[in-house]
Amino acid sequence: AQLVESGGGLVQPGGSLRLSCAASGFTFSRYVMNWYRQAPGKERELVAGISSVGVHTNYPESVKGRFTISRDNSKNTVSLQMNSLKPEDTAVYYCNARGTTTYWGQGTQVTVSS
């Protein structure tokens, strides 16, 4: 099984980025998908989650209204649209699949800086 993230990079405060995660090797539509992030010196934290069929989503208050998670079960992909980015959003972002087994991607760096 594999999760491959893409779309990270450097963006100015107030800008937007869209992260994507391509899944393979497991039954994607049976898994809850999440995005986590980890900043230097901090614990990994959940920033968005979506149910297996995409009906339910959840976000912490720190990103609510700015981040949107979505999934396409026909393409085995999950995305994270990030708007109004702040310097405190700087972190490595990880794709996570949670079901009968848990899988992690390798992470993609997001840097918000002027």
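Shown above is the structure to which this text applies.
Residues numbered from 1 in each chain as written. Predicted model: local features only at pLDDT ≥ 70, side-chain atom pairs only at ≥ 80, totals over all residues. Heavy atoms only, no water.

This next bit is on the nonpolar core. Within the largest apolar cluster, 29 residues are counted, with the highest numbers of intra-cluster contacts made by Met-33, Trp-35, Val-78, Leu-80, Met-82 and Tyr-93. For this core, the secondary-structure elements that each account for two or more residues are β3 (17–24), β4 (32–38), β5 (45–50), β7 (67–72), β8 (77–82), β9 (91–98) and β11 (108–112). (Core = buried A, V, L, I, M, F, W, Y, C linked by side-chain atoms within 4.5 Å. Buried < 20%, exposed > 50% of the residue type's maximum accessible area, 1.4 Å probe, protein only. Helix = DSSP H or I, 4+ residues; strand = E, 2+ residues; numbered from the N terminus.)

What follows concerns the state of the cysteines. The tally for this structure, following the rule as stated, stands at 1 disulfide. Each sulfur in the disulfide pair Cys-21 and Cys-95 lies 2.1 Å from the other. Because the sign of the S-S torsion sets the handedness, a value of about -85° for the bond joining Cys-21 and Cys-95 places this disulfide among the left-handed ones. Pair noted here: Cys-21 is in strand β3 and Cys-95 is in strand β9, with a separation of 74 residues, a long-range link. The residues Cys-21 and Cys-95 share a single accessibility class, namely buried. (Disulfide = S-S within 2.5 Å.)

Our focus in this paragraph is the sheet that holds β7. The sheet built from 4 strands is open, its strands ordered β1-β3-β8-β7 with antiparallel pairing. Whereas interior strands pair on both sides, the edge strands pair on one side only; in this sheet they are β1 (2–6) and β7. On average, each strand axis in the sheet is inclined to that of its neighbour by 15°, with strand direction left out of account. Two strands pair when backbone bridges link them, and β3 and β8 are joined in this way by 6 bridges, in the antiparallel orientation. (Pairing = 2+ DSSP bridges. Axes fitted to C-alpha atoms, helices over the stretch in contact; angles between N-to-C directions.)

Moving on, we come to the pairing of β8. Direction of pairing for β7 relative to β8: antiparallel, over a ladder of 6 bridges. By the bridge assignment, Phe-67 is partnered in β8 with Met-82. Count of turn residues in the β7/β8 antiparallel hairpin: 4 residues, of which Asn-76 carries a positive phi of about 55°.

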